[in-house]
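# Commentary on secondary and tertiary structure
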Number of protein chains: 4
Amino acid sequence: MFFASDNTGPAHPEVMAALGRANEGFATPYGGDTLTAAVQARLREVFEAPRAAVYLVATGTAANALALSVLGQPWQTVFCAPHAHIQEDECNAPEFYSGGAKLTLVEGEDRIGAEALSRAIAAEQTRGVHGPQRGPVSITQATERGTVYSLAEIEAIGAVTQAHGLPLHMDGARFANALATLGCSPAEMTWKRGVDALSFGATKNGCLGVEAVILFDPAHAWEFELRRKRGAHLFSKHRYLAAQMMGYLDGDLWRRSGARANANCARLAEGLRDISGVGIAFEPQANIIFCTFARALHRRLHEAGAQYNIWDGDLDGDDPDAPLTARLVCDWSISHAEIDRFLDVLRG
Amino acid sequence: MFFASDNTGPAHPEVMAALGRANEGFATPYGGDTLTAAVQARLREVFEAPRAAVYLVATGTAANALALSVLGQPWQTVFCAPHAHIQEDECNAPEFYSGGAKLTLVEGEDRIGAEALSRAIAAEQTRGVHGPQRGPVSITQATERGTVYSLAEIEAIGAVTQAHGLPLHMDGARFANALATLGCSPAEMTWKRGVDALSFGATKNGCLGVEAVILFDPAHAWEFELRRKRGAHLFSKHRYLAAQMMGYLDGDLWRRSGARANANCARLAEGLRDISGVGIAFEPQANIIFCTFARALHRRLHEAGAQYNIWDGDLDGDDPDAPLTARLVCDWSISHAEIDRFLDVLRG
Amino acid sequence: MFFASDNTGPAHPEVMAALGRANEGFATPYGGDTLTAAVQARLREVFEAPRAAVYLVATGTAANALALSVLGQPWQTVFCAPHAHIQEDECNAPEFYSGGAKLTLVEGEDRIGAEALSRAIAAEQTRGVHGPQRGPVSITQATERGTVYSLAEIEAIGAVTQAHGLPLHMDGARFANALATLGCSPAEMTWKRGVDALSFGATKNGCLGVEAVILFDPAHAWEFELRRKRGAHLFSKHRYLAAQMMGYLDGDLWRRSGARANANCARLAEGLRDISGVGIAFEPQANIIFCTFARALHRRLHEAGAQYNIWDGDLDGDDPDAPLTARLVCDWSISHAEIDRFLDVLRG
Amino acid sequence: MFFASDNTGPAHPEVMAALGRANEGFATPYGGDTLTAAVQARLREVFEAPRAAVYLVATGTAANALALSVLGQPWQTVFCAPHAHIQEDECNAPEFYSGGAKLTLVEGEDRIGAEALSRAIAAEQTRGVHGPQRGPVSITQATERGTVYSLAEIEAIGAVTQAHGLPLHMDGARFANALATLGCSPAEMTWKRGVDALSFGATKNGCLGVEAVILFDPAHAWEFELRRKRGAHLFSKHRYLAAQMMGYLDGDLWRRSGARANANCARLAEGLRDISGVGIAFEPQANIIFCTFARALHRRLHEAGAQYNIWDGDLDGDDPDAPLTARLVCDWSISHAEIDRFLDVLRG
C-alpha cells in the first residue's frame with residue numbers, strides 16, 4: 001500500500017528491457033549515438049513538431065530549470081502558481097539556472113487563471129528599469145494538487161502570453177496523466193495552445209530517471225546545449241537516457257502507464273467517496289488524491305503498512321477525531337489488490 | 001576497435017544485474033532508501049573514513065563542480081593544471097556552481113607539481129581585497145594524459161595546501177585506474193595524503209552514469225545536499241544510482257575493471273612500442289595512450305574501422321607522412337582480440 | 001513644487017562643504033584614508049556599537065543587496081513585505097548579489113507583522129532539502145508607504161528572528177525620518193531590538209550618493225569587503241564617500257534634515273486634511289503622503305508646475321471627477337512657500 | 001612626493017566647480033535629468049559616434065564588468081592579458097557580472113599581440129559543447145605597465161576579433177593618457193580600429209568617481225540599463241555623476257590633464273635615466289614608470305616622505321644593495337617641485 005509518491009515504485013519492465021537492449025557494443029557519447037537521434041525523431045513525431053529541439057536530462061528539476069533559463073533573463077520574473085513545483089520544491093534551482101531571476105506568484109493555488117495572470121503581468125510593467133522585467137510564464141500539467149488544466153484554460157493562458165510576447169513553459173512531470181485525462185493529442189495540449197517549451201516527464205511514470213525538454217521553437221537550441229553541459233546535465237553515456245525514453249515511447253507505454261495510474265486513482269477515489277467520514281479536497285483529475293479523515297483512521301492505515309504523506313497536521317497528535325488530510329499518489333505499478341486493501345483497512 | 005574513450009563501451013553486466021535487482025517493489029525516494037544507505041556505508045568502509053559524507057550524482061562534471069562549490073567561495077580562485085577537465089571540458093560548470101570563482105592554471109600540463117603550486121599560491125596573496133582570493137586546489141588522478149601522481153607527489157601537494165589552509169580536491173574520474181597503477185589503498189591515495197574531497201568516478205569504468213562525492217570532512221555535508229538539490233542533481237528514484245554503485249563495489253568489480261583496463265592499455269602500449277615509426281608521447285600509466293605515427297597509417301586504421309580521436313592536426317590533410325598523434329583509451333570492455341587486430345592493422 | 005521624490009533635491013550645503021574640505025592633497029585610496037576611519041568611528045559612536053563593521057557604498061540598492069548577501073545563502077529565501085524596495089525596485093539586485101536566493105513575501109503591504117512573519121517562516125520549514133531554506137528577514141524603516149514601525153513592532157519581529165536563528169536586516173534608506181518620528185536613539189531602533197545589519201541611508205536626506213552598511217556583528221566583515229569589491233562598489237577615491245557621510249553626521253545634520261523633512265510633510269498633510277475632497281490613504285508618519293483627489297485637481301496642480309507621481313490610474317483619462325492617488329514626498333529642501341503654494345493651487 | 005597611484009590625488013578644481021554648479025534646484029533622478037542627456041550627447045560628439053549608447057557609473061570595475069557582461073555569455077571565455085586589471089584587480093567582478101564566464105590569459109604580460117590572440121582563440125574552438133565558448137576580447141589602453149598600444153596594434157587585434165565575430169572591449173581607465181601619447185582622435189583609437197565597447201575612465205584623471213561606458217553598437221543598450229540597475233550601479237541623484245563628467249569634458253580638461261600627467265611622467269623618467277644605478281623596466285609611454293634601484297635608495301626616499309609601491313621584494317630586507325623595482329604613477333596634480341625633489345633625494 002504505497003501511495004507516498006509516483007517516484008517510489010519500480011521502473012516498468014519494458015523500460016528495463018530497453019535499457020538492457022541498449023547495453024550492447026560501443027556508442028558515441030554525449031548524445032551522438034543513433035539511439036538518441038531516434039528518440040529525438042520519435043518525440044518530434046509524437047508532438048507533430050518537426051522543427052522542435054529535443055533534449056534529455058535525468059531529473060524534472062533539471063528539465064524545468066534549464067528550460068526556463070533559455071526562455072528568460074536574470075532580470076526578469078517568472079510567473080507561476082504559488083504551489084508550483086518550481087516555487088516550492090526545487091530549492092531555488094530556477095533562480096540558480098536563470099542567474100537570479102525572480103518568481104512572481106500569480107493569485108491561485110496550484111493553477112493560474114488567464115485573468116489573474118493578466119493582472120500579475122500588468123502589475124509588473126509600471127516601474128521601468130527599477131522593477132523586475134516580465135519573463136516566462138510556467139504552468140504545471142497535471143498540477144501538484146492532481147488537477148488538470150482544460151484545453152480552453154491552456155489556450156486562454158497562451159493567448160495572454162502571446163499578447164505580451166512572453167514565452168510559455170509547461171512543467172509536464174505528469175504529462176502522461178494529464179493527457180490521459182483530456183484524451184487529446186500531445187500537440188493539442190502544448191504548442192497548439194501556445195506552449196513554447198515543455199518539460200516532458202517520464203521518471204514518475206515508469207522510468208528510472210529521464211525527462212525530455214522540448215523546445216517547440218528551436219531558436220535557443222544551441223544555448224540549451226551549452227547550458228545543459230554547464231549545468232553538468234549532459235550524460236557521457238547518453239544512450240542510457242535515450243534507451244529509457246525509447247522504452248517509454250515504444251508501444252505507447254507512456255500513454256498506457258498514464259492511463260493506468262489515472263484508472264487506479266479513480267478506483268481509489270470511488271472507494272473513498274463511499275466511505276462515510278472521508279472528504280475529498282480537490283477533484284482528482286489525474287493520479288493524486290487529497291482526502292481528509294480522522295487521525296485514528298490514519299493511524300490504523302499506517303499500522304497496517306500503508307505509506308503516504310500527511311499533508312497537514314501531525315499524525316502523533318492527541319485528538320483521535322481530528323481531521324488530517326492525506327496525499328495519495330497512484331503509481332502506474334499500484335495493484336487493484338493494494339487499493340482494495342487500503343479501502344478495506346479504512347472501512348475498518 | 002573502439003578506442004575513442006572509456007565512455008563509449010557498454011556497462012558491465014554485474015552493474016546491469018545490480019540495477020535489475022534494485023527494481024523490486026517500493027523504495028523511499030531522494031536517497032532515503034536502504035540501498036543508498038548501504039552504499040554510503042560501503043564507501044566509508046572502502047575509504048576507511050567513518051565520518052565521511054558520501055553522495056551520489058550522475059555525471060563527473062556534477063561531482064567536480066559541486067565538490068568545488070562547497071570547498072570554496074565565489075571570490076576565490078581554484079588552482080589546477082592547464083589541461084584539467086574542470087578547465088577544459090566542463091563548459092564553465094565550476095564557475096557556474098561556485099557562483100563565479102576563477103580558475104588559476106598552475107604551470108604544467110596535465111599535472112601540477114608542489115613547487116609550481118607554491119609559487120602560484122604565493123602570487124595570489126599580494127593584492128588584498130583586489131585580487132581573487134586563494135581557494136581550493138584540484139588535481140586529477142589519473143590525469144587527462146593518462147599519467148598518475150605518485151603517492152609522494154600527492155603528499156607534497158597536500159603539504160602545500162595544508163600549509164596555506166586551502167582544501168584539496170581530487171578529480172577521480174579514473175580513480176580505479178590510478179589505484180590499480182599505484183597498488184595502494186583508497187585511503188592512502190586520498191585523505192592520508194591530504195585530500196579533502198574526492199570525485200569518485202564509476203561511469204567510465206563500467207557504470208551507466210554514477211559518481212560519488214566523498215567529503216572526508218563532513219562539515220559541509222548539509223550545504224552539499226542543498227547545492228545538489230539546487231543544481232537539479234538529486235535523483236528522485238535514487239535507488240538506481242545506488243544500485244549501480246553497489247554493483248560497482250560488490251566483489252571489487254571496480255578494482256577488477258580498473259586493473260583490466262590498465263592491462264589492456266599495457267598490452268596495447270607494448271605492441272605499439274615494437275612498431276617502428278610509432279612514438280609514444282607520455283608514459284602511459286593508466287588506460288590512455290598518446291602515440292604518434294604517419295597520417296597514412298591513421299587512415300589505414302580508420303578504414304579498417306578503428307575509432308579513436310586524432311589529438312592534433314587533420315586526418316584529411318595532404319601529406320601521408322605527416323605525424324599525427326592519436327589518443328587511445330582502453331575501456332574495461334576492450335578485448336585482446338581488438339587490441340591485437342589494431343596492432344596488426346598498424347603493422348600493415 | 002517638487003514632491004516627486006527625496007532624490008530630486010539638491011545636496012545639503014554642509015555636505016558640499018565637507019566634500020570641498022576633503023579635496024586637499026593626497027589620500028590613501030580604497031578606504032585606507034584617515035577620513036574614512038574617522039567616519040567609521042563616528043558611526044560606531046552614533047550607534048553605540050563599538051564592535052560594528054561599517055562600510056560605505058554609493059547606492060541604497062548596493063547597501064541592501066550586499067548586506068543581505070552576507071546574511072544569507074543562495075538556497076535560502078529572504079522574508080520581506082510585498083512592497084519592499086528590495087522586492088519591487090531593485091531589478092533583482094538581491095537575487096543577483098545573493099547568487100539566486102528567493103524572496104518570500106510576508107502577508108501585508110509595506111510592513112510585516114510578527115505574527116504573519118512567524119506563519120511565513122513556519123510555512124517554509126516543512127520540505128527538507130526540497131524547499132528554499134529560511135534566510136534573512138528584511139524590514140524597511142521608514143517604509144515605502146511613509147509609515148514607521150514602532151519600537152515594539154521591531155522588537156516583536158526581532159524576537160521572531162532570534163527564535164528561529166535568522167538574521168534581521170533593516171533597509172534604512174529613510175532611517176533619519178523614522179528616527180525623527182520615534183524620537184529614540186539609533187541603537188534603540190536597531191541592534192537593541194534585534195537588528196543585525198542596517199542599510200543606513202544618507203542619499204535621500206541630503207547627500208549626493210552615499211549609504212553606510214553597518215554590520216552589528218562583525219563576523220562577516222571581511223566577506224563583506226570582498227563582496228563589495230567583487231560587486232564593483234569599492235571606490236578608489238573613497239574619501240569622497242567618507243566626506244559626504246562626515247558632513248552628514250557633523251553637527252547632527254542628518255537628524256536635523258530628517259526632522260525638517262518630517263515637519264514639512266506634517267505641514268503639507270495638515271493642509272491637505274483641511275481641504276474637502278482630499279483623502280489621505282495611509283497615516284503619514286515620516287516624509288511621504290499618499291492622498292486621493294479628483295483628476296481635475298491633479299491636472300490643475302500639474303499645470304501649475306507641481307511635480308509628483310500618480311500612484312494609480314492615468315492623469316490623461318476622461319473623467320475629471322475620477323479619484324487618483326498622488327504620492328507626495330517631502331525632501332529636506334522643500335520650502336514652506338512651496339508647500340503653501342501647493343495647497344493654494346489645490347484649494348483653487 | 002605622492003607617486004603611489006593616480007587615485008590618491010585630489011579632484012580637479014574644474015570638476016569640483018562643475019559639481020557645485022549642478023547642485024541647484026531639483027533634477028529628475030536616475031539619469032532622466034538634462035545634464036545627463038547633455039553629457040551623453042557630448043560624449044557621442046567627442047567620439048564621433050552618434051548612435052552610441054553612453055552610460056555613467058562610479059567605478060572602473062563597474063564599467064569593465066558591466067560592459068563585458070553585455071558583450072558575452074556565461075559559458076564563454078574572455079580573452080585578455082595576464083596582467084589585465086579585469087584578471088588581477090577586480091576580485092572576480094567580471095566572473096560575477098557575466099554569470100560565471102572564464103578569463104583566458106593570452107600569452108604576454110600587460111598587452112596582447114594579434115598573433116598570440118589568434119592562437120588563443122584557435123585553441124578554444126576544438127571542443128564543441130565541452131569547452132568554454134569563445135567570447136569577448138579585452139585590451140587595456142594605457143596598460144597596467146604604463147605602455148600604450150599603437151593604432152596599428154589595435155587595428156590588428158580588431159581584425160582578429162572581427163574575423164571571428166567576437167566583440168572587442170577596451171579598458172580605458174587611463175584612456176586620456178594613451179590618447180595624449182598617440183595624439184589621435186578618440187574615434188581613431190576605438191571604433192575606427194574595431195573597438196565595440198569602451199570603459200572611458202575619468203576617476204584617475206581628475207574626477208571624484210565617474211566612468212563612462214560607451215557601446216558603439218547600441219544593440220545591447222536596454223540590457224545594459226537593466227544590468228546596471230541590477231548591479232546597484234544606477235545612481236538616483238545621477239546629476240552628480242553627469243556633473244563630474246561634464247566638468248571633465250568641458251574645455252578639454254580631460255585631454256589637458258592626461259597630457260599634463262604624461263608630461264610629468266616624462267620629466268620624471270628623464271631625470272631617472274640620468275641617475276646612475278637606476279634602471280627603467282618598461283618604456284614609459286603614459287603616466288607610469290617601473291624603475292629599479294638599490295634598497296638603500298628606496299629607504300632614503302621613503303624617509304624623505306616619498307610614497308609609492310615597491311613592485312617586488314621587501315623594503316625591510318637585509319641587503320642595502322639589493323635591487324627593488326618601484327612603480328611610480330604621475331597624477332595630473334603632481335607638481336614639478338615634487339618631481340624635482342624626488343630626483344634630488346634619489347641623487348643624494
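- If you look chain A up in an unreviewed UniProt entry, it shows as L-threonine aldolase from Salinihabitans flavidus.
- The record in UniProt for chain A states the following under Sequence similarities (unreviewed entry): "Belongs to the threonine aldolase family."

## Looking at the overall build of chain A
- Per the secondary structure count, chain A includes 14 helices and 11 strands.
- For 348 residues, the compact-globule formula gives about 20 Å, and the C-alpha radius of gyration of chain A, at 21 Å, lands near that figure.
- For chain A, the spread of C-alpha atoms along the three principal axes comes to 60 × 60 × 35 Å.
- Accessible surface, chain A as shown: approximately 11,300 Å² in total, 49% of it carbon and sulfur.
- Between the mean site of the 31 positive side-chain charges and the mean site of the 41 negative ones, chain A shows a separation of 5 Å.

## Focus on the UniProt feature "domain: Aromatic amino acid beta-eliminating lyase/threonine aldolase" (unreviewed entry) in chain A
- When the UniProt feature table is mapped onto this chain numbering, "domain: Aromatic amino acid beta-eliminating lyase/threonine aldolase" (unreviewed entry) sits at residues 3–291 of chain A.
- A distance of 12 Å separates the end C-alpha atoms of residues 3–291 of chain A, which is 43% helix and 15% strand.

## Side note on the pairing of strand β7 (residues 211–215) of chain D
Residues and elements named next belong to chain D.
- With five of its five residues buried, β7 lies for the most part within the structure.
- Side chains Glu211, Val213 and Leu215 of β7 all project onto a buried face; the interleaved residues Ala212 and Ile214 project onto the opposite face, where all are buried too.
- Relative to β7, strand β1 (residues 53–57) runs antiparallel, the two sharing five bridges. From the neighbouring strand, Ala53 faces β7, where its bridge partner is Leu215.
- Pairing geometry for strand β6 (residues 197–201) and β7, over five bridges, is antiparallel. Directly across from Leu198, in β7, lies its bridge partner Ile214.

## Notes on the pattern of salt bridges
- As enumerated under the stated definition, the model contains 56 salt bridges over all chains in all.
- Its salt-bridge partner being Glu223 of chain A, residue Arg227 of chain A comes within 2.8 Å of it at the nearest N-O pair. Separated by four residues within a single helix, Arg227 of chain A and Glu223 of chain A lie in helix α10 (residues 221–230), roughly one turn from each other.
- Put simply, Glu14 of chain B and Arg256 of chain B hold a salt bridge, and the shortest N to O gap is 3.1 Å.

## Considering the relation of the copies chain A and chain D
- When chain A is brought onto chain D, the operation consists of a screw motion whose angular component is 180° and whose axial shift is 0.0 Å, with 0.0 Å RMSD remaining. Considering both components of the superposition, the chain copies are consistent with a two-fold axis. Within chain A, Gly99 of chain A has its C-alpha nearest the rotation axis, a separation of 3.2 Å.
- A high fraction, 100%, of the interface residues of chain A reappear at the interface in chain D, so the copies pair face to face through one surface.

## Looking at the relation of the copies chain A and chain B
- Superposition of chain A onto chain B requires a rotation of 180° combined with a translation of 0.0 Å along the rotation axis, giving an RMSD of 0.0 Å.
- Taken together, the interface assignments show that 100% of the residues at the interface of chain A recur at the interface of chain B, consistent with an identical surface on both copies.

## Description of the environment of Pro284 of chain C
Residues and elements named next belong to chain C.
- Inspection of the secondary structure assignment puts Pro284 in the loop between β8 (279–280) and β9 (288–294).
- A relative accessible area of 15% means that Pro284 is categorised as buried.
- Separated by 138 residues in sequence, Pro284 and Gly146 have C-alpha atoms that sit 5.6 Å apart.
- Among all residues touching Pro284, those that are not within four sequence positions of it are Gly146, Cys265, Ala269, Arg273 and Ile289.

## Quick notes on the side chain of Thr143 of chain C
Residue and element names in this part refer to chain C.
- Turning to its location among the elements, Thr143 is positioned in the loop between β4 (133–140) and α7 (151–164).
- Residue Thr143 is classed as buried on the basis of its relative accessible area of 0%.
- At 2.8 Å, the side chain of Thr143 forms a polar contact with the side chain of Thr147.

## Examining the sheet that holds strand β10 (residues 309–310) of chain B
Residues and elements named next belong to chain B.
- Across the sheet, four strands lie side by side as β8-β9-β11-β10; this open sheet has antiparallel pairing. Two strands close off the open sheet at either side, each with one partner strand: β8 (279–280) and β10.
- Bridge count for β8 against strand β9 (residues 288–294) is two bridges, and the pairing is antiparallel. From the neighbouring strand, Ile280 faces β9, where its bridge partner is Cys291.
- Strands β8, β9 and β11 (323–329) of the sheet are contacted by helix α12 (residues 253–273), whose axis makes an angle of about 20° with β9.

## Quick word on the interface of chain A and chain B
- Each partner contributes to the interface: chain A provides 47 residues, whereas chain B provides 47 residues.
- Here chain A and chain B share an interface that buries about 4,000 Å² over both sides, 63% of which is from carbon and sulfur atoms.
- The largest share of the area that chain A buries against chain B comes from Phe26, Phe96 and Lys237 of chain A, three residues that together contribute 21% of it.
- Our count for the contact surface shared by chain A and chain B stands at 24 residue pairs in polar contact (both at pLDDT 80 or more).
- Listed by contribution, the elements that provide at least two residues to the side of chain A that touches chain B are α1 (13–22), α3 (60–71), α5 (93–98), α10 and α11 (239–249) of chain A.
- Taken together, the residues that form the side of chain A that touches chain B break down as 23 nonpolar, 15 polar and nine charged.

## Things to note about the domain arrangement of chain A
Residue and element names in this part refer to chain A.
- Taken domain by domain, chain A holds domain 1 (13–251) and domain 2 (254–347).
- Residue-level contacts link 28 residues of domain 1 with 20 residues of domain 2.
- Carbon and sulfur atoms make up 52% of the surface buried where domain 1 meets domain 2, a total of about 1,800 Å² over both sides.
- In this assembly, domain 1 and domain 2 are joined by one salt bridge.
- Where domain 1 meets domain 2, there are 10 residue pairs in polar contact (both at pLDDT 80 or more).

## Examining the state of the cysteines
All names here are of chain C.
- Following the criterion strictly, the structure yields zero disulfides over all chains and no others.
- Its sulfur unpaired, Cys265 is 4.7 Å from the next cysteine sulfur, which belongs to Cys330.
- On the basis of relative accessible area, Cys265 is assigned to the buried category, the value being 1%.

## Here we look at helix α13 (residues 295–303) of chain B
Residues and elements named next belong to chain B.
- The set of residues buried in α13 consists of Arg295, Leu297, His298 and Leu301. One side of α13 carries all its buried residues, which in axial view fall inside an arc of 160°.
- The first or second residue beyond α13 is Gly305, which carries a positive phi of 100°.

## Some points on the interface of chain A and chain D
- Opposite the 16 residues of chain A that make contact, chain D presents 16 residues.
- A buried area of about 1,500 Å², summed over both sides, lies between chain A and chain D, and 74% of it is on carbon and sulfur atoms.
- On inspection of chain A and its partner chain D, the count reaches zero salt bridges.
- The element that contributes the greatest number of residues to the side of chain A that touches chain D is α10 of chain A, accounting for seven residues.
- Of the residues that constitute the side of chain A that touches chain D, the class distribution is seven nonpolar, four polar and five charged.

## Description of the sheet that holds β4 of chain C
Residue and element names in this part refer to chain C.
- The strand order across the open sheet formed by seven strands is β1-β7-β6-β5-β4-β2-β3, and the pairing between neighbours is mixed. With partners counted over all chains shown, the strands left at the sheet margins are β1 (53–57) and β3 (102–105), one partner each. The average angle at which neighbouring strand axes cross in this sheet is 25°, direction not considered.
- In the packing of helix α10 (residues 221–230) onto the sheet, the strands contacted are β1 and β7 (211–215), and the crossing angle to β1 comes to about 10°.

Rules used throughout
Residues numbered from 1 in each chain as written. Chains lettered and ligands numbered in written order. Predicted model: local features only at pLDDT ≥ 70, side-chain atom pairs only at ≥ 80, totals over all residues. Heavy atoms only, no water. UniProt positions renumbered as here; feature names shortened; annotations may be inferred. Helix = DSSP H or I, 4+ residues; strand = E, 2+ residues; numbered from the N terminus. Rg over C-alpha atoms; globule rule 2.2 N^0.38 Å. Areas by Shrake-Rupley, 256 points an atom, 1.4 Å probe, with all protein chains shown as cover. Lys, Arg positive; Asp, Glu negative; His and termini not counted. Charge placed at Lys NZ, Arg CZ, Asp CG, Glu CD. Buried < 20%, exposed > 50% of the residue type's maximum accessible area, 1.4 Å probe, protein only. Pairing = 2+ DSSP bridges. Salt bridge = Lys/Arg side-chain N within 4 Å of Asp/Glu carboxyl O. Least-squares fit on C-alpha atoms with pLDDT ≥ 70 in both. Contact = heavy atoms within 4.5 Å. Polar contact = N/O pair within 3.5 Å; in protein donor to acceptor, adjacent residues only side chain to side chain. Axes fitted to C-alpha atoms, helices over the stretch in contact; angles between N-to-C directions. Buried area = accessible area lost by both parts, 1.4 Å probe. Nonpolar A, V, L, I, M, F, W, Y, C, P; charged D, E, K, R; others polar. Domains from an automatic or database assignment. Disulfide = S-S within 2.5 Å. Arc of directions from axis to C-beta.

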